[in-house]
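# Structure at a glance
Residue-level listing of the chains:
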Amino acid sequence: MSLLWPATQPRLHWVQISVTTHCNASCTYCPRTVFRSTWQCRHIDPELFAQILSRLKTATLIHLQGWGEPILHPHFWDLLRMTKNAGFLASCTSNAELLDSDVLKKAVDSGLDVLALSLTGLDETNDRIRRGTSFRQVVKTIEELQRIKALRRSPVPRVHLAYMLLRSNLQELPRLPDFFQNLGLDHGVLSSLTLPLSPALEREALLAESEQEHGEFRAEMRRLFAEHHQQDKVFSHIFNPFRSPGRCSENVEKAFCLSPEGRVTPCVFTQIPAGPPVPYWFEGREYELEPADFGRLTETKLKKLWHDPAYRRFRRRLDLDMCSRCYMTRIEDPLRLESE
């Protein structure tokens, strides 16, 4: 191995920064709920955040999101301002509970590029699974944001809806195309649960019993959204338990995640602030999540950190044991719900 580091900086599509691990909800499938007794609540330090941004000059998008509700960070708007002033695109994901009209105006005026909102079911289904959140509040938030954007003639933030499909809410699938269309979304993603933290949650994550049934399910999704002319705005992020593992869908070759302490990890699964141990289920068996730490960005320059032999090897081979037992390596392509 040459002692000379490559001359070029990595060109990153995005960097996900965990700005907080605090949350005002108790979603049944979330690690924060399942491991509440050992969960460590913390906010990223704004000074540390500023140092991190100064070392991410080749990234395009900064996603202000981790295992928590980002708006709960007491300096969230300062973090967003720093991100935009540094020239990055900025996005975040919220459960909408804190997004009243004044907050949404601030999001528009601050130049937030993408606001993603989460749902797991329609009406009471969502409220039962995502405890502490409200389906009606998500809808109200989207409608109010669209109104404010129109008044301010602002194209941003673009509205993204992250909708999780579970076995227990699949009966609502036929209603989704109309629901997506009526909200005037910029884009939406239908996903499956990829980190089951109990046998019951793994059952919820498996959307089909056989390869044939899975193919029929995919075909039905494509048909439904094509009939409503939504296939160019709605994408899927569904794992197929019947396919062989492939590359990780987390884009580890062009992106990474940062913990509230500034530690570089390949994905949020490897930076859960609970335990150890942190058990999860894969193909009916229990395993333990592996933490990963490829260095602190405030202590090592990005170029040197990125080209460190251990990190290079990981990106080529996905050589954490956990990666061979992760549903993220079985996400189907293409993502867009078009004819295949």
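Residues numbered from 1 in each chain as written. Predicted model: local features only at pLDDT ≥ 70, side-chain atom pairs only at ≥ 80, totals over all residues. Heavy atoms only, no water.

### Looking at the overall build of the protein chain
- From N to C terminus, the protein chain includes eleven helices and 13 strands.
- In terms of overall dimensions, the protein chain is globule-like: its C-alpha atoms have a radius of gyration of 20 Å, near the 20 Å expected for 340 residues.
- For the protein chain, the C-alpha atoms occupy an extent of roughly 55 × 50 × 40 Å along the three principal directions.
- Restricting to contacts in the protein chain with at least 6 residues of sequence separation, those with at least 24 account for 77%.
- Counting every atom, the protein chain has about 15,400 Å² of accessible surface; 50% of that belongs to carbon and sulfur.
- Charged side chains of the protein chain number 44 positive and 42 negative; the gap between the two group centres comes to 7 Å. (Helix = DSSP H or I, 4+ residues; strand = E, 2+ residues; numbered from the N terminus. Rg over C-alpha atoms; globule rule 2.2 N^0.38 Å. Contact = heavy atoms within 4.5 Å. Areas by Shrake-Rupley, 256 points an atom, 1.4 Å probe, with all protein chains shown as cover. Lys, Arg positive; Asp, Glu negative; His and termini not counted. Charge placed at Lys NZ, Arg CZ, Asp CG, Glu CD.)

### Overview of the packing of helix α4 (residues 101-110) against helix α6 (residues 135-152)
- Packing of α4 against α6 brings their axes to within 10 Å, and their N-to-C directions diverge by 50 degrees. Accordingly, the angle class assigned to the pair α4 and α6 is oblique. The chirality of how α4 crosses α6 is right-handed. Listed contacts from α6 to Ser101, Leu104, Lys105, Val108 and Asp109 of α4 are Thr141, Glu144, Leu145, Arg147, Ile148, Lys149 and Arg152.
- Split by residue class, the contact of α4 with α6 holds four nonpolar, two polar and six charged. (Axes fitted to C-alpha atoms, helices over the stretch in contact; angles between N-to-C directions. Parallel < 35°, antiparallel > 145°, perpendicular 65-115°, else oblique. Left-handed = near helix turned anticlockwise from the far one by under 90°. Nonpolar A, V, L, I, M, F, W, Y, C, P; charged D, E, K, R; others polar.)

### Quick notes on the state of the cysteines
- Summed over all chains, the structure comprises zero disulfides.
- No disulfide involves Cys23; its nearest neighbouring cysteine sulfur is the one of Cys27, lying 6.4 Å away.
- No disulfide involves Cys267; its nearest neighbouring cysteine sulfur is the one of Cys248, lying 6.2 Å away.
- By relative accessible area, which is 12% here, Cys267 ends up buried. (Disulfide = S-S within 2.5 Å. Buried < 20%, exposed > 50% of the residue type's maximum accessible area, 1.4 Å probe, protein only.)

### Section: the pairing of strand β13 (residues 285-288)
- Summarising the sheet, strand β12 (residues 279-282) and β13 pair through four bridges and their orientation is antiparallel. In the strand pairing of β13, Phe282 is matched with Arg285.
- The antiparallel pairing of β12 with β13 creates a hairpin that spans two residues between the two strands, and Glu283 there sits at a positive phi of about 50 degrees. (Pairing = 2+ DSSP bridges.)

### Notes on the nonpolar core
- Counting residues in hydrophobic clusters, the biggest one holds 104 residues, and the most contacted among them are Ile17, Leu56, Leu165, Phe180 and Phe256.
- Here this core takes six residues from α6, the largest share from any one element.
- Ignoring sequence-local partners within four residues, the contact set of Leu165 consists of Leu170, Leu173, Leu176, Leu190, Ser191, Ser192, Leu193, Leu207, Phe217, Met221 and Ile238. (Core = buried A, V, L, I, M, F, W, Y, C linked by side-chain atoms within 4.5 Å.)

### What to know about the environment of Ala292
- For Ala292, the location among the structural elements is in the loop between β13 and α10 (302-306).
- Through-space distance from the C-alpha of Ala292 to that of Thr265 is 5.6 Å; in sequence the pair is 27 residues apart.
- Other than its neighbours up to four places away in sequence, Ala292 contacts Val264, Thr265, Pro266, Thr270 and Leu320.

### A word on the layout of surface pockets
- Considering only enclosed or pocket space, the second largest pocket measures out at about 350 Å³ in volume.
- If you trace the second largest pocket, you find 22 residues lining it, with Thr270, Gln271, Ile272, Ala274 and Pro291 closest to the centre.
- Considering only residue class, the lining of the second largest pocket consists of ten nonpolar, six polar and six charged. (1 Å grid on protein atoms, 1.4 Å probe; cavity = no way out; pocket = protein on both sides within 12 Å on 5 of 7 lines; lining within 4 Å. Points joined across faces, edges and corners; volume = space filled by probe spheres on them.)

### Observations regarding the sheet that holds strand β9 (residues 234-237)
- Read across the sheet, nine strands follow the order β9-β8-β7-β5-β4-β3-β1-β10-β11 without closing on themselves; strand pairing throughout is mixed. A strand with exactly one partner marks an edge of an open sheet, and here the two such strands are β9 and β11 (264-265).
- Relative to strand β8 (residues 187-192), strand β7 (residues 158-165) runs parallel, the two sharing six bridges. Bridge pairing in β8 links Leu165 to Ser192.
- Each of β3 (59-64) and β4 (89-94) touches helix α3 (residues 76-85); the most contacted strand, β4, lies at about 150 degrees to it.

### With respect to the packing of aromatic side chains
- A complete count under the given rule lists 13 aromatic pairs for this structure.
- Where Trp67 meets Phe269, the ring centres are 6.5 Å apart and the plane angle is 20 degrees; that geometry is what we call stacked. In this pair, Trp67 sits in the loop between β3 and α3 while Phe269 sits in the loop between β11 and β12, placing the two residues 202 residues apart along the sequence.
- Here Trp67 falls in the buried class, since its relative accessible area comes to 15%.
- Using a relative accessible area of 9% as the deciding quantity, one classes Phe269 as buried.
- Ring-pair connections join several aromatic residues into one group, and the members of that group are Phe135, Tyr163, Phe179, Phe180 and Phe225.
- When the ring centre of Trp306 is taken as origin, the NZ or CZ atom of Arg315, which lies over that ring, is 3.8 Å away.
- In this arrangement the basic side chain of Arg315 is found over the ring face of Tyr311, its NZ or CZ atom lying 4.7 Å from the centre. (Phe/Tyr/Trp six-rings, centres within 6.5 Å; stacked < 30°, edge-to-face > 60°. Lys NZ or Arg CZ within 6 Å of the ring centre and 35° of its normal.)

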